[in-house]
Amino acid sequence: MGKTMDRNVLFEAIQLIQAAVVPEHRVSNPMYRSSLAAAFLFEFLIPLVEAGTEFQNVGLNGYANSLRNSGPIEKDNGNLFDGINHQSLLLPAREVIGSSREYYPVGEPVEKAGAAIQASGEATYVDDIPSPSNCLYGAFIYSTKPLAKVKGVKFQSASPPNGVAAIISAKDIPKGGLNIGTKTIFGTSRLFVEDLANCVGDCIALVVADSQKHADAASNLAVVDYDLEHLEAPILTVEDAVERSSFFEIIPFLRPQPVGDFSKGMAEADHKIVAAEIRLPSQYYFYMESQAALAVPDEDNCLVVYSSSQCPQYVHSAVARCLGIPEHNVRVVARRVGGGFGGKATKSIAVAAACAVAAYKLGRPVRIYVNRKTDMIMVGGRHPMKITYTVGFKSDGKITALHLDVLIDAGMSEDISPALPLNIVGSLRKYDWGALSFDMKVCKTNHTSKSAMRGPGEVQGSYIAEAVIEHVASSLSMEVDEVRIRNLHTWSSLSFFYGHSAGEPEEYTLPSIWEKLAQSSSFYRRVEMVKQFNSFHTWQKRGISRVPVVCELMLRPTPGKVGILSDGSVVVEVGGIELGQGLWTKVKQMTAFGLSLIQCAGTEHLMNKVRVVQADTLSLIQGGFTAGSTTSESSCEAVRICCNILVERLTPLKESLQVQDGSVTWETLILKVLSRITVACLI
């Protein structure tokens, strides 16, 4: 009290608040929370501090070492600094697209298919489908314990909550059916807990009520009777998993292989960093539309399931096996999905299967729209990891060897986790490490199963690579960009690390793209501007970087079907699902291009006659899954092949009509051909 606000008083205040703000035990990022409080105080008081006061041994929890500016304290208010030329370097705002009429309309900047109805709210997602008559609604009851025996479920009150029709659990799976909630190439995982809950979020039951509001309320009122006796402690960290040898097997063909001789590479190194550690946390999907499904009983022991899914084929198979009925008795429909990022792949299966079991047992339609809290608890997300690395490098920044010990937290079941090591290494190999070795373990823990999430493994691999590069640069006091350049692949090293996947020498364009990017963005000039800015600003800093990406693509077989109707309009089905990525738009463009090769009047406007329809697992079987950033292209190729066959069939009649009439329009051609055959093609 009564002190003049100067630098020393400010420093004392910061020390006091850092001593007073002590985060609770086991809270995440305690140092950050403490420093954040100090930073708020600093930001509030710094404008009041008088200019010209010296201030010794100042530190904001390690983020700044002094406030020893003898002149006026800078105010980062948008005016950079006096005396420095800070001319703005604006990039062109105009997008120039070079297209060719040769493949028209492929590559043309057209309006996205369905954009208007999405913008106006008219597009129909699963939860927008009108509820059928007598429809019920479901909400999940999940475990709140990481490892516990489940003895039963009851409600807080003696009588069931308002509107509750039933509680569906493992015992309600039909005779001959299987308790399946997820299905991947690595196997299946259960839908409902049978006796032992293995994680928080493990599905115990589905409460079904006459409205979604009543179902959600009832799930919150459910009381699960747990038994924790005679159980081992849950495995909650990857270190616990290592200690107890709790791992999932990595099948041989997905096990990545080391590159080069690590020991030799380390012997050639001038410097070494030993046992540095990186920890990568999980990440939730945050799709706009949470998990949703609607199951409607149909005649003759059949069931129609509307699912917000990236892989209707897997939903179809899992529902049939869960109910113990033939697959031809199940029909799964997916029109569009409101964002997926991998979370609507395997994780959508359990939601649809639970809906199906309830509808099958009760003989009434059942739908679920999972609330955001439940979705976040049950769905999982990106794989957390612990990475320990040792790297050797020359004094000029050239890395000679890298070894990684990677522990991947897969959660309680495999899902797609055994594929992650191969994906991680595939992304890591974007740099020439000299030699690359690793020991990767997929850990089984008592957490929700982690699943595919937007570049599963590739994102982590790229992060690890950049962390190593930056660590090396910091150790040598070099610019990070210079270290990156020294470790970019040559064609020889690319072939060494990627083998046959490297392609031909002329196809390796990363070095030329790297330099072209620098020139087009004025990168080096911007680097100098950043340095100047940082030298004049103590508390506000800027940065700039460019990062290479090398991605090994995998193309999967994807079906397609093109049908031409009597008025010349075209209907198309593909295995890929429209998730917002514009798949339908690309498919429409490819269809219009493929059919225009018939070269008759009217085909230049053919795209307006094309409609892509919803995925239907009984109409187009073996649709696969939409993932990996290649499904649009695979779907387009399937459609292109269909169109080629149709054009081949139509050409003889078109030529005969041209001889007879001189010219022929698209509509006339189709009317003539439909009088002779049914035009359809399936690939």
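Above: the structure in question.
Note that this is a predicted model, so its numbers are computed, not measured.

Student: Even after reading the chapter, I still don't get the packing of helix H1 (residues 7-20) against helix H2 (residues 30-45), so can you show me in this structure?
Tutor: Packed helix pairs are specified by the crossing angle of their axes together with the interaxial distance, meaning the distance between the axes. For the pair H1 and H2, interaxial distance at closest approach is 9 Å and the crossing angle is 150°. Considered as vectors, H1 and H2 are oriented roughly antiparallel to each other. Both H1 and H2 take part in a crossing whose hand is right-handed. Of H2, the residues touching H1 (which contributes Leu10, Ala13, Ile14, Ile17 and Gln18) are Ser34, Ala37, Ala38, Leu41, Phe42 and Leu45. Of the residues belonging to the contact of H1 with H2, the class tally is nine nonpolar, two polar and no charged.

Student: When you look at the pairing of strand E18 (residues 560-564) in this model, what are you seeing that I'm missing?
Tutor: When a strand is regular, its side chains alternate between the sheet's two faces. Counting buried positions along E18 gives four out of five residues, so the element sits mostly inside the fold. As defined by bridge partners, E18 adjoins strand E19 (residues 570-574) across five bridges and the pair is classed as antiparallel. Residue Val562 lies in a different strand from E19, and its bridge partner there is Val572. Connecting E18 to the next strand, E19, in antiparallel fashion are five residues, including Gly568 with a positive phi near 90°.

Student: Which parts of the structure should I look at to understand the packing of helix H17 (residues 631-661) against helix H18 (residues 666-674)?
Tutor: For the pair H17 and H18, interaxial distance at closest approach is 10 Å and the crossing angle is 110°. Considering the angle they form, H17 stands roughly perpendicular to H18. Crossing angle aside, the handedness with which H17 passes H18 is right-handed. Residues Leu650, Leu653, Lys654 and Leu657 of H17 pack against Trp666, Leu669, Ile670, Lys672 and Val673 of H18. Looking at the contact of H17 with H18 residue by residue, the classes come out as seven nonpolar, no polar and two charged.

Student: Honestly, the packing of aromatic side chains in this entry has me stumped. Any pointers?
Tutor: Given two aromatic rings, their pairing is described by the distance between the two centres and the angle made by the two planes. On inspection of all chains with the given rule, the structure shows nine aromatic pairs. Between the aromatic rings of Tyr284 and Tyr285, the centroid separation amounts to 6.3 Å while the plane-to-plane angle is 65°, which identifies the pairing as edge-to-face. A connected cluster of aromatic rings, assembled from ring pairs, spans Tyr284, Tyr285, Phe286 and Tyr287. The ring of Tyr287 has Lys344 sitting right over it, with the charged end atom 4.6 Å from the ring centre. The aromatic ring of Phe625 is capped on one face by Arg556, whose charged end is 4.3 Å from the ring centroid.

Parameters and conventions
Residues numbered from 1 in each chain as written. Predicted model: local features only at pLDDT ≥ 70, side-chain atom pairs only at ≥ 80, totals over all residues. Heavy atoms only, no water. Axes fitted to C-alpha atoms, helices over the stretch in contact; angles between N-to-C directions. Helix = DSSP H or I, 4+ residues; strand = E, 2+ residues; numbered from the N terminus. Parallel < 35°, antiparallel > 145°, perpendicular 65-115°, else oblique. Left-handed = near helix turned anticlockwise from the far one by under 90°. Contact = heavy atoms within 4.5 Å. Nonpolar A, V, L, I, M, F, W, Y, C, P; charged D, E, K, R; others polar. Buried < 20%, exposed > 50% of the residue type's maximum accessible area, 1.4 Å probe, protein only. Pairing = 2+ DSSP bridges. Phe/Tyr/Trp six-rings, centres within 6.5 Å; stacked < 30°, edge-to-face > 60°. Lys NZ or Arg CZ within 6 Å of the ring centre and 35° of its normal.

Geometric descriptors of this kind do not, in isolation, establish any biological role.
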